[in-house]
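Chain by chain, the residues:
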Amino acid sequence: MELLWRALGIRYHQENTIERHRYGGAGWLVWGGIILGSRTDLHVQSVTMTGHIYRDVILEQHVRLFRGAMGAEFLFMDDNARPHCANIVDECLQSESIPRMD
């Protein structure tokens, strides 16, 4: 931990403060697929991500089609964000026989 010493009375001077803004609205969904020199379009939507939205928007509309185009060598990778780990997501991937990277 680093301690900063300032002269008395200058704590709130402009040069000693950092302006911060907190965004309390809906989240943003940003998604794209990449594979060996190829990629999908970048998709951006103003929506709060849930397991249902992830399944309906990403998996059903994009990943399933991308997998069909890539064939048997396709391996799906996502991070461990809470919506990605929902049971409905696991069920969707299993029903579509989409293998997920551990």
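Preceding block: the structure.
Just so we're clear, the structure is a prediction, and the values are computed from it rather than from any experiment.

Visitor: Can you walk me through the overall build of the protein chain in this structure?
Guide: Within the protein chain, the secondary structure is distributed over two helices and four strands. Each helix (α) and strand (β) of the protein chain, taken in turn from the N terminus, gives the series β-β-β-β-α-α. Taking 102 residues into account, the globule formula puts the C-alpha radius of gyration at 13 Å, and the protein chain, at 21 Å, lies well above it. Seen through its principal axes, the protein chain has C-alpha atoms that stretch 65 × 30 × 25 Å. Of all 102 residues assigned to the protein chain, the portion counted as buried reaches 21%. Relative to all contacts within the protein chain whose residues are 6 or more apart in sequence, the contacts with residues 24 or more apart total 45%. About 8500 Å² of surface is accessible on the protein chain, with carbon and sulfur atoms providing 53% of the total.

Visitor: How should I be thinking about the side chain of Asp78 in this particular structure?
Guide: By the secondary structure assignment, Asp78 is in the loop between helix H1 (51-70) and helix H2 (87-95). At 3.1 Å, the side chain of Asp78 and the side chain of Tyr54 are in polar contact. Leave out the neighbours within four places in its chain, and Asp78 touches Tyr54, His84 and Arg100.

Visitor: Would you mind showing me how to read the layout of surface pockets here?
Guide: Over the atoms, a rolling probe the size of a water molecule traces out where space has been left empty. The computed volume of the largest pocket comes to approximately 400 Å³. Together, 20 residues line the largest pocket, and Gly32, Gly33, Ile34, Phe76 and Met77 are the ones closest to its centre. In terms of residue count, H1 provides more of the lining of the largest pocket than any other element does, four residues in total. Taken together, the residues of the lining of the largest pocket break down into 15 nonpolar, four polar and one charged.

Visitor: Any chance you could explain the pattern of salt bridges here in plain terms?
Guide: Close approach of charged atoms allows side chains of opposite charge to pair. Enumeration over the complete set of coordinates arrives at four salt bridges. A salt bridge links Arg55 to Asp56; the nearest nitrogen and oxygen atoms lie 2.9 Å apart. By relative accessible area, Arg55 is classed as partly exposed at 23%. Between Asp78 and Arg100 there is a salt bridge, with the nearest N and O atoms lying 3.2 Å from each other. With Asp78 in the loop between H1 and H2 and Arg100 in the segment after H2, this residue pair connects regions lying 22 residues apart in the sequence.

Cut-offs applied
- Residue indices follow the written sequence of each chain, beginning from 1 at its first position.
- In keeping with the predicted nature of the model, local features appear solely for residues at pLDDT of at least 70, side-chain atom pairs appear and are counted solely at 80 or more, and the whole-chain, interface and lining totals rest on all residues.
- Neither water nor hydrogens contribute to the side-chain values; these are computed over all heavy atoms in the structure.
- Segments assigned H or I by DSSP are reported as helices when at least four residues long, segments assigned E as strands when at least two residues long, and all are numbered from the N terminus.
- In this treatment the radius of gyration is a C-alpha quantity, and the globule benchmark scales as 2.2 Å times the residue count to the 0.38 power.
- Here's how the labels work: a residue is buried when its accessible area is under 20% of the maximum for its type, exposed when over 50%, partly exposed in between, all with a 1.4 Å probe on protein chains only.
- The contact rule is simple, with two residues in contact once any of their heavy atoms fall within 4.5 Å.
- Each accessible area is a Shrake-Rupley estimate made with a 1.4 Å probe; only the visible protein chains count as cover when residues are assessed.
- We define a polar contact as two N or O atoms separated by no more than 3.5 Å, with the added condition that, inside protein, one atom must be a possible hydrogen donor and the other a possible acceptor, whereas residues neighbouring each other in sequence contribute only through side-chain atom pairs.
- The pocket and cavity definitions rest on a 1 Å grid over protein atoms only: a 1.4 Å probe that fits but cannot leave marks a cavity, an open set with protein on both sides within 12 Å along at least five of seven lines marks a pocket, and residues lining either have an atom within 4 Å of a point.
- Grid points are joined across faces, edges and corners, and a volume is the space filled by probe spheres set on the points.
- Under the grouping applied here, Gly and all other residues not named as nonpolar or charged are polar, the nonpolar ones being Ala, Val, Leu, Ile, Met, Phe, Trp, Tyr, Cys and Pro and the charged ones Asp, Glu, Lys and Arg.
- Every case where a carboxyl oxygen of Asp or Glu lies within 4 Å of a side-chain nitrogen of Lys or Arg is listed as a salt bridge.

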